[in-house]
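Coordinate analysis (summary)
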Amino acid sequence: MIKLTHAQEQDISRFIEMESAEDTNEFITPYSLTQHQNEMSKSNVIYLSIISGQQVVGFIILATENNFVDVEFRRIVVPAKGKGLGQLAIIAMEQYCFKQLNSQRIWIDVFKNNERGQYIYKKLGFKVFIPSDKHHGSLTFYQKVSNV
């Protein structure tokens, strides 16, 4: 079982460690301490810690757009791969966006070589809305629309 909580600035150093893992940093653009601090201070950016038991096991970065109607799912980082924690966190994030923020759409861009990510987003109901061949071949854009 996992839960999401709003992250604090003191969590950033742990997030940087998580981003630097070899099997993670090839699928994201890691942020520096200053970049994380700047992003976390923006009113439209939401950092969520992924908690399992009493441990922070990952994090999510969201950016709200159009007065919370749209949410850019910027990043999920979960160092322990293959345990289902990321999928549970994405489901919890969707509920947070659709029920608490009253968002209508969540979207994410995924590197073309991130086959695991693409598989999981499709499995969880995200649909391609801009294929990689429309964006210089490097990114595919997925979205999920609220059914409320």
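Treat the numbers as computed from the prediction; the structure is a model and nothing was measured.

It is worth spelling out the packing of aromatic side chains at this point. Applying the stated criterion across every chain, the model contains seven aromatic pairs. Pairing Y121 with Y142 gives two aromatic rings, centres 6.3 Å apart and planes at 45 degrees, and the pair type is tilted. Here Y121, found in helix α5 (residues 115–123), pairs with Y142, found in strand β7 (residues 139–145); they are 21 residues apart in sequence, far enough to count as distant. In this structure, Y121 and Y142 share a single accessibility class: buried. Among the aromatic residues, those joined into a ring-pair cluster are F73, Y121, F126 and Y142. Looking at R75, its charged tip hangs above the ring of Y31, at a distance of 4.2 Å from the centre. Stacked on the ring of F129, the Lys or Arg R105 has its end atom at 5.2 Å from the ring centre.

What follows covers the side chain of E72. In this fold, E72 is placed in strand β4 (residues 70–77). A relative accessible area of 14% places E72 in the buried class.

What follows concerns the environment of S52. Note that S52 resides in strand β2 (residues 45–52). Overall, S52 belongs to the partly exposed group, its relative accessible area being 22%. When the C-alpha positions of S52 and M93 are compared, they lie 14 Å apart, and in sequence the two are 41 residues distant. Beyond its immediate sequence surroundings of up to four residues, S52 is in contact with M1, I2, V57 and L85.

Across all of its chains, the model carries seven salt bridges by this definition. Among the ionic pairs, E72 bridges to R74, the shortest N-O distance being 3.2 Å. Taken together, the shared-partner salt bridges in this structure form one network comprising E39, K42, E72 and R74.

Quick look at the sheet that holds strand β6 (residues 127–130) now. Judged by pairing direction, the sheet is mixed, and its seven strands sit side by side in the order β1-β2-β3-β4-β5-β7-β6 without closing on themselves. A single partner strand is all that each edge strand has here, and the edge strands are β1 (2–6) and β6. Geometrically, the sheet is characterised by an average inter-axis angle of 35 degrees between neighbouring strands, direction not taken into account. In the sheet, β1 pairs with β2 via five bridges, with the strands oriented antiparallel. Pairing of T5 across the sheet is with S49, part of β2. Its contacts with the sheet place helix α1 (residues 12–19) against β2, β3 (55–65) and β4, and it is angled at close to 95 degrees to β3. Taken strand by strand, helix α4 (residues 85–100) contacts β1, β2, β3, β4, β5 (105–111) and β7, and its axis lies near 50 degrees from that of β1.

The subject of this paragraph is the packing of α1 against helix α3 (residues 33–41). Running from N to C, α1 and α3 point in directions that differ by 120 degrees, and their axes come no closer than 10 Å. Taken together, the axes of α1 and α3 lie oblique to each other. Every pair of crossing elements has a handedness; the one defined by α1 and α3 is right-handed. Contacts from I12, I16 and E19 of α1 reach α3 at L33, H36, Q37 and M40. Of the residues that constitute the contact of α1 with α3, the class distribution is four nonpolar, two polar and one charged.

Procedures and definitions
- Residues numbered from 1 in each chain as written.
- Predicted model: local features only at pLDDT ≥ 70, side-chain atom pairs only at ≥ 80, totals over all residues.
- Heavy atoms only, no water.
- Phe/Tyr/Trp six-rings, centres within 6.5 Å; stacked < 30°, edge-to-face > 60°.
- Helix = DSSP H or I, 4+ residues; strand = E, 2+ residues; numbered from the N terminus.
- Buried < 20%, exposed > 50% of the residue type's maximum accessible area, 1.4 Å probe, protein only.
- Lys NZ or Arg CZ within 6 Å of the ring centre and 35° of its normal.
- Contact = heavy atoms within 4.5 Å.
- Salt bridge = Lys/Arg side-chain N within 4 Å of Asp/Glu carboxyl O.
- Pairing = 2+ DSSP bridges.
- Axes fitted to C-alpha atoms, helices over the stretch in contact; angles between N-to-C directions.
- Parallel < 35°, antiparallel > 145°, perpendicular 65-115°, else oblique.
- Left-handed = near helix turned anticlockwise from the far one by under 90°.
- Nonpolar A, V, L, I, M, F, W, Y, C, P; charged D, E, K, R; others polar.

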